[in-house]
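Structural overview
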There are 2 protein chains.
Amino acid sequence: MNSKIITISREFGSGGRTIGRMAAEKLGIPCYDQELIEKIAAESGLIKSYVEENSENVSGGWLSFTAGRDFYGHSLQDDLYRAQTKVIRELAEAGPCVLIGRCADYILDGYENVLKVFIHASMEKRAERIVTQYGERTEDPMQRLREKDKKRKAYYQLYTDRKWGDVGNYHLALDSGVLGLETCADIIAQLAKLPE
Amino acid sequence: MNSKIITISREFGSGGRTIGRMAAEKLGIPCYDQELIEKIAAESGLIKSYVEENSENVSGGWLSFTAGRDFYGHSLQDDLYRAQTKVIRELAEAGPCVLIGRCADYILDGYENVLKVFIHASMEKRAERIVTQYGERTEDPMQRLREKDKKRKAYYQLYTDRKWGDVGNYHLALDSGVLGLETCADIIAQLAKLPE
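Residues numbered from 1 in each chain as written. Chains lettered and ligands numbered in written order. Predicted model: local features only at pLDDT ≥ 70, side-chain atom pairs only at ≥ 80, totals over all residues.

**Let's talk about helix H8 (residues 141-159) of chain A**
Residue and element names in this part refer to chain A. Filter applied, for reference: Per the convention used, a helix needs a DSSP run of H or I reaching at least four residues, while a strand needs a run of E reaching at least two, with both numbered from the N terminus. Multiplying 1.5 Å by the helix residue count minus one yields the expected span of that helix. Buried means a residue has 20 or more other C-beta atoms within 10 Å of its own C-beta, exposed means 12 or fewer, and partly exposed covers the counts in between; C-beta atoms are placed from the backbone. By arc we mean the arc of the directions from the helix axis to the C-beta atoms, nothing more. Think of it this way: build a C-beta for each residue from its backbone, and any pair within 7 Å is a contact.
A rise of 1.5 Å per residue sets the reference length of H8, with its 19 residues, at 27 Å; its end C-alpha atoms lie 27 Å apart and thus fit the reference within 8%. Turning to H8, its buried residues number three or more, namely Pro141, Arg144, Leu145, Arg152, Tyr155 and Tyr156. The arc that holds the buried residues of H8, viewed along the axis, is 105°, so those residues lie on one side. Those residues of H8 that are buried are in contact with helix H7 (123-132).

**Some details on the nonpolar core**
Generally speaking, a soluble globular protein has its nonpolar side chains buried in company with each other. Rules: The term nonpolar core refers to a group of buried residues, namely Ala, Val, Leu, Ile, Met, Phe, Trp, Tyr and Cys, whose C-beta atoms join them within 7 Å.
Ranked by internal contacts, the top residues of the largest apolar core, which has 101 residues, are A:Ala23, A:Val98, A:Ile188, B:Ala23, B:Val98 and B:Ile188. With sequence-adjacent residues up to four places away left out, B:Val98 is seen in contact with B:Ile6, B:Ile8, B:Gly20, B:Ala23, B:Ala24, B:Ile29, B:Cys31 and B:Tyr32.

**What to know about the sheet that holds strand E4 (residues 114-120) of chain B**
Condition: Note on pairing: two strands pair once DSSP finds at least 2 bridges between them. Axis geometry follows a simple rule: fit a line to the C-alpha atoms, using only the stretch in contact for helices, then measure angles between N-to-C directions, giving values from 0 to 180 degrees.
Taken together, the ten strands give an open sheet; going across it, the order is E2(A)-E3(A)-E1(A)-E4(A)-E5(A)-E5(B)-E4(B)-E1(B)-E3(B)-E2(B), and neighbouring strands pair in mixed fashion. Edge positions in the sheet fall to strand E2 (31-32) of chain A together with strand E2 (31-32) of chain B, since each has one partner strand and no second. As judged from the three bridges shared by strand E1 (residues 5-10) of chain A and strand E3 (residues 98-100) of chain A, these two strands associate in the parallel manner. Each bridged residue has a counterpart across the sheet, and for A:Ile6 the counterpart in E3(A) is A:Val98. Its contacts with the sheet place helix H1 (residues 16-27) of chain B against strand E1 (5-10), E2, strand E3 (98-100) and E4 of chain B, and it is angled at close to 165° to E1(B).

Such coordinate-based values are descriptive only and should not be taken to indicate function.
Put into structure tokens, the structure is as follows:
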């Protein structure tokens, strides 16, 4: 089957991860998300929980981020990003797959046969989702969304020269709150099967 | 047939107009673009060429725009926007159709059954298109694109409280340069036929 490497960038709570899994299943190709964390941990020698927390979020503010840098401006987070780049490129070279988050769209710039997807939804729809689906127990889900969005944006902008969520970075952007998860997965699978 | 009202916002040179026509044809519904100009001219009493030039572009700089305002801060462009709003709402209420540009996505906020689409492409692809397809005779097509983008953005931001091209404003955003016009039209037609 002709298929592509699919990168899924997503707003927190938009269901992008689930859509990625559904599309991968429809295409019969692997989807890397948690598996990506394990591979990056193995590659970098960093523990899984650190990779999970820092592979797409700037943790803490700018100060706490810069404070972790050594004399040469190098940090653990930079080691992590390097390992992440290596793992993502190796996976892309191995064959069609779905890659969730972690700047894969940027890391695979210049690669042929990549479909870059962005999944978003309204704050209301995402707040509902993180409470009912992710089991988030927070008094203010909107605030939780704003914090997560801010960390992901900061991380993306730190390691790429692009603005996170900028429409021009993606071949396909979908509002999962309006279109529904199943429809989003269908469109992605359909586009991934098209010949070049 | 179950179908929706489709609004197409597009970057200059992305082929959004053609995609809109193709999708309308697939769905057997009307597509309003030039016809929209005629209807807005009739509604506003303004001549067609003025409507064409000013119904989605801020012409000239901010100064020339404000200079046209009377004592109450009201301008011909405001009359035009009011007529445009009325015509677009009447068309949307009359039944399924494709509406090209002119802030229709914003004007139809709160309307059920609207699919909001944004079509974009790389500068290179758009420059190629405006020269080969639109017959633009310009020494610097990139500069022409930048000027047109700037005018459309300024217009959109003046009459809506939104940022033009912001991914969150659209249910579907497509890179026509990568996906191709036919595929974009197929996806739109397919989504427009889905039940709510």
